[in-house]
Amino acid sequence: MTNHQPFEIGLHSFVDYQTHDTAGNAVSPQGRMKNLLEEAQLADQVGLDMFAVGEHHRPDYLASNPATVLAAMAPITQNIKLSSSVSILGTDDPVRIFQQFATLDLLSNGRAEIMAGRASFAESFPLFLGQTPFDYDELFAEKLDLLLKLREQTEIHWRGKYRPALTGQGVYPRPVEKENHDDELPVWLGVGGTPASAVRAGELGLPMALAIIGGMPERFTAFSDLYRRAAKDAGKLEKTRLSINSHGFLADTSQAAAEAYWPAQESRMNRIGRERGWPALTRQNYEADLSLRGSLFVGDPEQVAEKILFQYDHFQHDRFLLMSVGMLPHDQMLHSIELLGTKVAPLVREEIERRRASQAKLDAMLAGQA
């Protein structure tokens, strides 16, 4: 079981799938899954802190059940935390999610996490709810309430609108017991562009994962401010932890990274953009996103480290997760993971630890003068 690093760095994936990668190599679905497991194993070996898998129900993604994929990673890894990113709470049963991830926690010796979210895609709602009427936010709030109660109680009494009541039934298995109860099967709240979700995370004292995949990241500081203000008002500020989840890719040089990643980012974002009515991603937009104030973490290790630290100045976050979208060649993905773990992570952790120590020393000095 792992302890919290001064700053955690990891990967998340929706397990993109196309029949060919950006170099034209044919890839089968089973081959894509094999590659994913090799990526997770390498991430663990090079000292990354987290591998998270998202839930989707579309032909261009393979992970419809994150817990199953993560369970395959458990026996081939030793230290890395295994999380969803996200579990779509509104269209699943919180009891089953809890049971699946408690099982994963046992298989991985206490390394499981749940990242719960309202969903950025809507395909799971007609698939699982059909024509059942529901209020989107009410549905999520109710199921989140149940999921959190399941962590606290084995035999639970609970009643809601969208699921049959629980009248003292036991829910098993239980996750690995830990010295700090809050560390037992952590539940993070995934947040995209909804301010109310950031407030909810703060009020509940839950860790928050903020997705930033476009625009200028500093514009999202309003979300971290809302989150911490809500937590402070609720008396739960000490429970807050913040993750920034973004897209990117590493290579030995900035030019190699930019050229290799462009076809993957362009293909995936424009495919989704056509569905949602987004403006087309142009090469000019892409180049702007590669700048220090842009949203993409594409470059050599020094550039990516600099960008993480630049955002740290704005967000004071605790975790950074990187996703490489699209179908890049497997060898390029492995090299990117190696660079993130062996080059970027040590630089970032050392610098953030230094900054936090300096701030603590300054705070103590100011407190002594008060």
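Computed from a predicted model, the values in this text were never measured in an experiment.

A few points about empty space enclosed by the protein
Then, number 1: Evaluation of the coordinates by the stated rule reveals one cavity of 30 Å³ or more.
Then, number 2: Taken as a whole, the largest cavity holds about 30 Å³ of empty space.
Then, number 3: Lining the largest cavity are Arg151, Glu152, His181, Asp182 and Glu184.
Then, number 4: Looking at the lining of the largest cavity residue by residue, the classes come out as no nonpolar, one polar and four charged.

A look at the side chain of Ser224
Then, number 1: Of note, Ser224 is situated in helix α7 (residues 221-233).
Then, number 2: A relative accessible area of 0% means that Ser224 is categorised as buried.
Then, number 3: Sequence-distant contacts of Ser224, defined by excluding residues within four places in its chain, comprise Met208, Leu242 and Phe315.

A word on the nonpolar core
Then, number 1: Counting residues in each nonpolar core, the largest one holds 72 residues, and the members touching the most others are Leu48, Phe51, Met73, Leu210 and Val348.
Then, number 2: Ranked by residues supplied to this core, first place goes to helix α11 (residues 330-369) with seven residues.
Then, number 3: Non-local contacts of Leu210, meaning those with residues more than four positions away in its chain, are made with Val191, Gly192, Phe220, Phe223, Leu242, Ser243, Ile244, Asn245 and Phe315.
Then, number 4: Counting residues in each nonpolar core, the second largest holds 22 residues, with Phe249, Ala260, Leu281 and Leu290 among its members.

Topic: the packing of aromatic side chains
Then, number 1: Tallied over the entire structure, the rule returns nine aromatic pairs.
Then, number 2: Residues Phe14 and Tyr61 carry aromatic rings whose centres are separated by 5.7 Å and whose planes lie at 90° to one another, so their mutual orientation is edge-to-face. With Phe14 in the loop between β1 (8-13) and α1 (29-45) and Tyr61 in the loop between β2 (50-53) and α2 (66-73), the pair connects residues that are 47 residues apart, well separated along the chain. As far as the burial class goes, Phe14 and Tyr61 line up, both buried.
Then, number 3: Plain terms: the ring middles of Phe249 and Tyr261 are 6.0 Å apart, the flat faces sit at 10° to each other, and that makes the pair stacked. On the criterion of sequence distance, the pair formed by Phe249 in strand β10 (residues 242-250) and Tyr261 in helix α8 (residues 254-276) is long-range, its members being twelve residues apart.
Then, number 4: The exposure class of Phe249 is buried, given its relative accessible area of 2%.
Then, number 5: Site record: aromatic cluster; members linked through ring pairs are Phe14, Tyr61 and Phe121.
Then, number 6: The residue whose ring lies beneath Lys307 is Phe297, and the NZ or CZ to ring-centre distance is 5.5 Å.

Quick notes on α1
Then, number 1: A rise of 1.5 Å per residue sets the reference length of α1, with its 17 residues, at 24 Å; its end C-alpha atoms lie 25 Å apart and thus fit the reference within 8%.
Then, number 2: Among all positions in α1, only Arg32, Asn35, Leu36, Glu39, Ala40, Leu42, Ala43 and Asp44 are buried.
Then, number 3: Contacts from the buried residues of α1 go to β1, β2, α2 and α11.
Then, number 4: Remark: Gly47 follows α1 within two positions and exhibits a positive phi of approximately 90°.

Observations concerning the pattern of salt bridges
Then, number 1: In this structure the tally under the stated criterion is 24 salt bridges.
Then, number 2: Residue Asp16 is joined to Arg268 by a salt bridge in which the shortest nitrogen-to-oxygen separation is 2.5 Å. Of the two residues, Asp16 is situated in the loop between β1 and α1 and Arg268 in helix α8; the sequence distance between them amounts to 252 residues.
Then, number 3: Of the residues examined, Asp16 reaches a relative accessible area of 2% and is grouped as buried.
Then, number 4: According to the relative accessible area criterion, Arg268 is buried, its value standing at 1%.
Then, number 5: Connected through salt bridges with shared partners, the residues Glu8, Lys81, Glu113, Arg241 and Arg319 form a single ionic network.

A closer look at unusual backbone geometry
Then, number 1: In this structure, the amide linkage connecting Ser85 to the following residue, Val86, adopts the cis form with an omega of 15°.
Then, number 2: Tracing the chain through its elements places Val86 in the loop between β3 (81-84) and β4 (87-88).
Then, number 3: Along the chain, Tyr172 connects to Pro173 via a cis peptide bond; the corresponding omega equals 0°.
Then, number 4: Locating Pro173 in the fold gives a position in the loop between β7 (166-170) and β8 (187-191).
Then, number 5: A positive phi angle is found at Gln316, which is not glycine, with a value near 50°.
Then, number 6: Relative to the assigned elements, Gln316 resides in the loop between α10 (301-315) and β12 (319-323).

Considerations on the environment of Ala357
Then, number 1: Take Ala357: it is sitting in helix α11.
Then, number 2: Look at Ala357 and you get partly exposed, because its relative accessible area is 46%.
Then, number 3: With 137 residues separating them in the primary sequence, Ala357 and Phe220 have C-alpha atoms 26 Å apart.

Basis of the calculations
- Residues numbered from 1 in each chain as written.
- Predicted model: local features only at pLDDT ≥ 70, side-chain atom pairs only at ≥ 80, totals over all residues.
- Heavy atoms only, no water.
- 1 Å grid on protein atoms, 1.4 Å probe; cavity = no way out; pocket = protein on both sides within 12 Å on 5 of 7 lines; lining within 4 Å.
- Points joined across faces, edges and corners; volume = space filled by probe spheres on them.
- Nonpolar A, V, L, I, M, F, W, Y, C, P; charged D, E, K, R; others polar.
- Helix = DSSP H or I, 4+ residues; strand = E, 2+ residues; numbered from the N terminus.
- Buried < 20%, exposed > 50% of the residue type's maximum accessible area, 1.4 Å probe, protein only.
- Contact = heavy atoms within 4.5 Å.
- Core = buried A, V, L, I, M, F, W, Y, C linked by side-chain atoms within 4.5 Å.
- Phe/Tyr/Trp six-rings, centres within 6.5 Å; stacked < 30°, edge-to-face > 60°.
- Lys NZ or Arg CZ within 6 Å of the ring centre and 35° of its normal.
- Expected span 1.5 Å × (residues − 1).
- Salt bridge = Lys/Arg side-chain N within 4 Å of Asp/Glu carboxyl O.

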